[in-house]
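Coordinates in review
Each chain, letter by letter, is given below.
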Amino acid sequence: MGRGERYFIGMNKWGHDASACLLTRSPGRPLGIEIFLKERLTRKKKAKGPLEPALLPIRGKTDPARSAYAENSYLGRPDAIEARLAARHPSYFDQVRELGLEPFYSRFNRDIGFVSHHRCHALAVAAISPYRKSLVLVIDGAGNSVDDFDDDDGELVEFPRPANARARVGKFMPSEWCSVYLQDGPRVTCVAKEWQYESLDERGRPLPPTISLGNLFAEASRHIFNSPMDA
Ligand SMILES: [Fe+2]
């Protein structure tokens, strides 16, 4: 940890390919970029679940007082997932405390920002884009559900839950499948978003769910590679 360094930590918690990224800004030096993939640290392909193995090396390199944190999960809001886990396993957060990982959990650190799934994709593209301005198209099997977004999230305000979407179909909530962003330097602005959902016709009968191009890709992958995630 050097004098004047600032740390920016992004976390992909719980879902497939759990991982974390550490950006280090030091005066007069190029931006430091380090990626911590749980699968590389545990030697288990596509490792998911708790992110601790990827957070421990970051803990030793950063000063929480000079760090900013952001998180997402393919499975939903990490804070909600962690609260459910703690309800089921009361010692869950004791373990986090014992490992000294409090700054990485919103239970202890209210300053952790939630960044929605498609926005994460767009920001990652903007970070490495060679262009000053571009259009970014994100197409996914499923991004975050409408319920994961903060109520005042600009994307949800601009592109609200479709009025005819059912709240829940089985385990499936209306969720992102396609978003369009305009990149201008490091900034990205969402200019279009489509939700995938099941709706009702005028007589209240369920209509087939909207099908995303990402799901079509996943189905093709399932037939070719025997898994929707391995293409
Ligand atoms: Fe994705």
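Residues numbered from 1 in each chain as written. Predicted model: local features only at pLDDT ≥ 70, side-chain atom pairs only at ≥ 80, totals over all residues.

Side note on the environment of serine 175
Relative to the helices and strands, serine 175 is located in strand 7 (residues 175–184). Overall, serine 175 belongs to the buried group, with 21 C-beta atoms counted inside 10 Å. Spatially, the C-alpha atom of serine 175 lies 16 Å from that of leucine 216, the residues being 41 residues apart in sequence. With near-sequence residues (within four places) excluded, serine 175 lies in contact with Ala142, Gly143, Asn144, Ser145, Trp195 and Gln196. (Helix = DSSP H or I, 4+ residues; strand = E, 2+ residues; numbered from the N terminus. Buried ≥ 20, exposed ≤ 12 C-beta atoms within 10 Å, placed from the backbone. Contact = placed C-beta atoms within 7 Å.)

What to know about the sheet that holds strand 7
Spatial strand order, 6-7-8: three strands in an open sheet with antiparallel pairing. If you trace the sheet from one side to the other, it starts and ends with strand 6 (133–139) and strand 8 (187–196), each paired once. Put simply, the sheet's adjacent strands are angled 15° from each other on average, direction ignored. The sheet contact formed by strand 7 and strand 8 spans nine bridges and is antiparallel. Within strand 8, the position partnered with valine 180 by the bridge is alanine 192. (Pairing = 2+ DSSP bridges. Axes fitted to C-alpha atoms, helices over the stretch in contact; angles between N-to-C directions.)

Some remarks on unusual backbone geometry
One non-glycine residue, lysine 46, adopts positive backbone phi at about 55°. Mapped onto the secondary structure, lysine 46 falls in the loop between helix 1 (38–42) and helix 2 (52–59). At asparagine 226, a position not held by glycine, the phi torsion is positive, near 70°. Mapping asparagine 226 onto the fold places it in the segment after helix 7 (213–225).

Regarding the domain arrangement of the protein chain
Assigned domains within the protein chain: domain 1 (6–114) and domain 2 (117–225). The C-alpha centroid of domain 2 is placed 24 Å from the C-alpha centroid of domain 1. In this complex, domain 1 contributes five residues to the contact, which on the side of domain 2 involves five residues. Looking at the side of domain 1 that touches domain 2 residue by residue, the classes come out as two nonpolar, two polar and one charged. (Domains from an automatic or database assignment. Nonpolar A, V, L, I, M, F, W, Y, C, P; charged D, E, K, R; others polar.)

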